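Architecture and fold: a report
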Amino acid sequence: MVKINIAIDGPSAAGKSTTAKRIAKALNYVHLDTGAMYRSVAYKAKNIGVDWNSEEDLVKMLQDTVITLTPQGEVFLDGVDVSKAIRENEISLGASSVSKHALVRKELVRRQQQMAEDKGFVMDGRDIGTVVLPNAEVKIFLTASAEKRAIRRYKENLEKGIESDLAVLIKEIELRDEQDRTRSASPLTQAEDAILFDSSDLTEEEVNVKLLEIIESVIKRNEV
Ligand code: DC
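What you see is a predicted model; the values in this text were computed from it and never measured.

Counting through the fold element by element, Val218 comes out in helix α9 (residues 204-223). Under the relative-accessibility criterion, Val218 is labelled buried at 10%. Placed 81 residues apart in sequence, Val218 and Glu137 show a C-alpha to C-alpha distance of 7.5 Å. With near-sequence residues (within four places) excluded, Val218 lies in contact with Ile4, Glu137 and Val138.

Here is the structure:
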């Protein structure tokens, strides 16, 4: 069967990673969660005392930073499993801060493009359809209202045993949206050829089914 690449972009907590993971599993593709890379940068910087606002220091830090995304969805930072630690609220905000820097983005984009040199990847992030994989055969822009996204994050946190306050989560999501949309380096925007998909009133299952239909029809077209 012909393999393609799939780009899933959209604002934070829109369900991109969960959906991308499910799609990858259904198609036997590899899922790459690029947000985990920005989170790892913020996490390491915080631990070793590098300022999230210092582009120069962050770039220097990246020179000896190894971030590995496994096909099972784990994230290793310099050989240590940080899959859970990088999901903390503070690190979410830090990831949004470090992702503002053009040179940090340049280095991570280079690594992401290297990881997905072949076909058969489902990559999710903010700039996948526009910058990382502009030739991806399917581009989805997955979104939902800030309130719906905050409720999902709240439930997710509960399941993981992380305490959170819904009102605070809504504020944080709005703040991150604002930062991600207004930064000068690769702001969050929908690629011209991306399919806009609003999941506010759909269940996770419904989103997966509909997106898989769209993707499978493109795969069939590519086989002709
Ligand atoms: O998808 P996420 O919430 O794990 O992403 C964390 C932060 O990283 C988010 O605020 C935006 C940034 N990010 C980005 O700028 N580009 C990407 N490709 C992925 C994430």
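Back to the text.
Time to look at the packing of helix α1 (residues 16-27) against α9. Running from N to C, α1 and α9 point in directions that differ by 50°, and their axes come no closer than 10 Å. The orientation of α1 relative to α9 falls into the category oblique. Considering the relative orientation of α1 and α9, their crossing is right-handed. Of the residues in α9, those touching α1 at Thr18, Thr19, Arg22, Ile23, Ala26 and Leu27 are Glu204, Glu205, Val207, Asn208, Leu211, Leu212, Ile215, Glu216 and Ile219. Of the residues in the contact of α1 with α9, the class split is eight nonpolar, three polar and four charged.

Quick look at the pattern of salt bridges now. Scanning the model with the defined rule gives 16 salt bridges in all. Put simply, Arg87 and Asp33 hold a salt bridge, and the shortest N to O gap is 3.1 Å. Placement of Arg87 in the loop between β5 (80-81) and α4 (89-98) and of Asp33 in strand β2 (residues 30-33) is noted, with a sequence separation of 54 residues between them. Classification of Arg87 as partly exposed rests on a relative accessible area of 25%. The exposure class assigned to Asp33 is buried, which follows from its relative accessible area of 12%. When the shortest N-O distance is used, the salt bridge between Arg183 and Asp180 registers 3.7 Å. Judged on exposure class, the residue Arg183 and its partner Asp180 are both buried. The network of salt bridges with common partners includes Arg22, Glu204 and Glu205.

Time to look at unusual backbone geometry. The residue Ala13 is not glycine, and still its phi comes out positive at about 60°. Position of Ala13 relative to the elements: it lies in the loop between β1 (5-9) and α1. Relative accessible area serves as the criterion here: at 9%, Ala13 is assigned to the buried category. At Asp78, a position not held by glycine, the phi torsion is positive, near 50°. The residue Asp78 is located in the loop between β4 (75-77) and β5 in this model.

Once that is clear, we can look at the sheet that holds β2. Taken in spatial order, the five strands line up as β2-β6-β1-β7-β8 in an open sheet, and their pairing is parallel. Both edges of this open sheet fall to β2 and β8 (195-198), since each of them pairs with a single strand only. Each strand axis lies, on average, 20° off the axis of its neighbour in the sheet, ignoring direction. Bridge analysis of β1 against strand β6 (residues 121-125) gives five bridges, and the strand direction is parallel.

Definitions and cut-offs
Residues numbered from 1 in each chain as written. Predicted model: local features only at pLDDT ≥ 70, side-chain atom pairs only at ≥ 80, totals over all residues. Heavy atoms only, no water. Helix = DSSP H or I, 4+ residues; strand = E, 2+ residues; numbered from the N terminus. Buried < 20%, exposed > 50% of the residue type's maximum accessible area, 1.4 Å probe, protein only. Contact = heavy atoms within 4.5 Å. Axes fitted to C-alpha atoms, helices over the stretch in contact; angles between N-to-C directions. Parallel < 35°, antiparallel > 145°, perpendicular 65-115°, else oblique. Left-handed = near helix turned anticlockwise from the far one by under 90°. Nonpolar A, V, L, I, M, F, W, Y, C, P; charged D, E, K, R; others polar. Salt bridge = Lys/Arg side-chain N within 4 Å of Asp/Glu carboxyl O. Pairing = 2+ DSSP bridges.

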